[in-house]
Structure formats: C-alpha cells, structure tokens
Amino acid sequence: MTPPSDQPAEAVKGPSVPADAHAALLKATARGATTDAAAKKTGLPKLTAWKYLDVMRRAGDVRLRPTADGLRAEWVAITNRRSA
C-alpha cells in the first residue's frame, strides 16, 4: 500500500454543504438567526441545519455572535467573504 500523495485527486475530502442548502442558509442568516430559526426558514431538520452551519462557519461563510439577551448565540452570514 502506497502512502497518499498531495495530489488533489487523492486528497481526503471534508464535509460539504449542498449548493441549494448553502444559499438558503446564507439568506436565512443574513440578519442573524438561531439554529432553530434558520431550520424553520429553510425547511431543514434542526440537526442538519446545525451541521451545515458549522461547516459553513469553518469555511468562513457565517459566524456566531451573542444575542441581545446574552443567553444564546445566533448565526450571521459574512457578506464580504467568498466561499472556498
């Protein structure tokens, strides 16, 4: 067995978000939304929305910020960032 090379064809692919879900979640979080609110707006199950938002956070498409009450956090789309 040969070790993996640095060639893109053999690189391990990370988790990804389907294009339609990505666009819907960016729209849902444009002004800030909790995971529950984003799931309701997009029609995704809560766990799926959370997983997709976490992948998008790692890619730099959304970020977390505290809510006004300071007890929860909401997702906010980063509008001046191009997705990788």
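What you are looking at is a predicted structure, and each value in this text was computed from that prediction instead of being measured.

## Comments concerning the packing of helix H1 (residues 19–28) against helix H3 (residues 46–59)
Argument step 1. Where H1 contacts H3, the axes come no closer than 11 Å and their chain directions differ by 85 degrees. Considered as vectors, H1 and H3 are oriented roughly perpendicular to each other. Taken together, the residues of H3 that come into contact with H1 (itself represented by Ala21, His22, Leu25 and Leu26) are Ala49, Tyr52, Leu53 and Met56.
Argument step 2. Within the contact of H1 with H3, the residues separate by chemical class into seven nonpolar, one polar and no charged.

## A short note on the pattern of salt bridges
Pairs can form between side chains of opposite charge once their charged atoms are near each other.
Argument step 1. For the coordinates displayed, the defined rule picks out five salt bridges.
Argument step 2. Residue aspartate 54 is joined to arginine 57 by a salt bridge in which the shortest nitrogen-to-oxygen separation is 2.9 Å. Highlighted residues: aspartate 54 and arginine 57, both in helix H3, separated by three residues, approximately one helical turn.
Argument step 3. Given the relative accessible area of 12%, aspartate 54 is considered buried.
Argument step 4. Its relative accessible area of 36% is what places arginine 57 among the partly exposed residues.
Argument step 5. A salt bridge links arginine 72 to aspartate 69, with the nearest nitrogen and oxygen atoms 3.8 Å apart.
Argument step 6. When salt bridges that share partners are traced, they join Asp54, Arg57 and Arg58 into one network.

Conventions we followed
- Residues numbered from 1 in each chain as written.
- Predicted model: local features only at pLDDT ≥ 70, side-chain atom pairs only at ≥ 80, totals over all residues.
- Heavy atoms only, no water.
- Axes fitted to C-alpha atoms, helices over the stretch in contact; angles between N-to-C directions.
- Helix = DSSP H or I, 4+ residues; strand = E, 2+ residues; numbered from the N terminus.
- Parallel < 35°, antiparallel > 145°, perpendicular 65-115°, else oblique.
- Contact = heavy atoms within 4.5 Å.
- Nonpolar A, V, L, I, M, F, W, Y, C, P; charged D, E, K, R; others polar.
- Salt bridge = Lys/Arg side-chain N within 4 Å of Asp/Glu carboxyl O.
- Buried < 20%, exposed > 50% of the residue type's maximum accessible area, 1.4 Å probe, protein only.

Function-wise, these values are silent; they only describe arrangement.
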